[in-house]
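The lines below spell out each chain.
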Amino acid sequence: MSKTLKRKKHWSTKVQECAVSWGGVGEFGSVVEILGGAELGEFPFLGQMNLDVLVCHAGRLPYYGDVLLEVNGTPVSGLTNRDTHAVIRHFREPIRIKTVKPGLVIGSSTFYGPEEYNSLEDE
């Protein structure tokens, strides 16, 4: 009667690290949009990115919607958007960022991605 249980991987095994620079073209916030933040009840996550300027020196470039976990070893999860920008401004180029793909939100019997879930909150 015993069934083999499939072990699910912990989200921490999917964390990606990347060393990025933006060629001194303004601040990081002008090249990569940082959305979310504790004031909205969300983790900070990446928005639009200017891929013409952004250079990844190590790792892989993150994607739109990836949750921002750390900047140069400083945890930013749980910070407000303004505080996240302040942490990023504190460091010089290149910076090391750790990101993870967002998980799915379970609501009733439907799975929602970050955009769909946020649109539900607005209703």
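Just above, that's the structure.
Notes on the structure in this doc start here. (Residues numbered from 1 in each chain as written. Predicted model: local features only at pLDDT ≥ 70, side-chain atom pairs only at ≥ 80, totals over all residues. Heavy atoms only, no water.)

1. A few points about the overall build of the protein chain
Thinking step 1. Looking only at helices and strands, the protein chain features 3 helices and 9 strands.
Thinking step 2. Tracing the protein chain from N to C terminus, the helices and strands come up as β-α-β-β-β-β-β-α-β-β-β-α.
Thinking step 3. Per-residue burial over the protein chain gives 32% buried out of 123 residues.
Thinking step 4. Nonlocal contacts in the protein chain, meaning residues at least 24 apart in sequence, comprise 59% of its contacts between residues at least 6 apart.
Thinking step 5. A total accessible area of about 8500 Å² is found for the protein chain, and carbon and sulfur atoms account for 54% of it. (Helix = DSSP H or I, 4+ residues; strand = E, 2+ residues; numbered from the N terminus. Buried < 20%, exposed > 50% of the residue type's maximum accessible area, 1.4 Å probe, protein only. Contact = heavy atoms within 4.5 Å. Areas by Shrake-Rupley, 256 points an atom, 1.4 Å probe, with all protein chains shown as cover.)

2. Quick look at the state of the cysteines
Thinking step 1. Per the counting criterion, the structure on display carries 1 disulfide.
Thinking step 2. Between Cys18 and Cys56 runs a disulfide, and the two sulfur atoms are separated by 2.5 Å. Of this pair, Cys18 sits in strand β1 (residues 16–21) while Cys56 sits in strand β4 (residues 55–59), and the two are 38 residues apart along the sequence.
Thinking step 3. Taking the relative accessible area as the measure of exposure, Cys18 reaches 3% and is therefore buried. (Disulfide = S-S within 2.5 Å.)

3. Here's the deal with unusual backbone geometry
Thinking step 1. The omega angle of the peptide bond from Glu93 to Pro94 is -20°, so this bond is cis rather than trans.
Thinking step 2. Unlike most non-glycine residues, Asn72 shows phi in positive territory, near 50°.

4. Regarding helix α2 (residues 81–90)
Thinking step 1. Asn81, Thr84, His85, Val87 and Ile88 are the residues of α2 that are buried. The buried residues of α2 occupy one face: seen down the axis, they fall within an arc of 160°. In this structure, α2 carries Arg82 and His90 as exposed residues pointing more than 90 degrees from its buried face.
Thinking step 2. Of the surrounding elements, those touching the buried residues of α2 are α1 (28–31), β2 (32–35), β5 (67–71), β6 (74–75) and β7 (95–100). (Arc of directions from axis to C-beta.)

5. Some thoughts on the nonpolar core
Thinking step 1. Ranked by internal contacts, the top residues of the largest apolar core, which has 17 residues, are Phe28, Val32, Leu54, Val71 and Ile95.
Thinking step 2. Looking at this core, the elements with two or more residues in it are β1, α1, β2, β3 (45–49), β5, α2 and β7. (Core = buried A, V, L, I, M, F, W, Y, C linked by side-chain atoms within 4.5 Å.)

6. Focus: the side chain of His85
Thinking step 1. Examined against the element boundaries, His85 turns out to sit in helix α2.
Thinking step 2. Judged by its relative accessible area of 19%, His85 falls in the buried class.
Thinking step 3. If sequence neighbours within four positions are ignored, His85 has contacts with Gly29 and Ile34.

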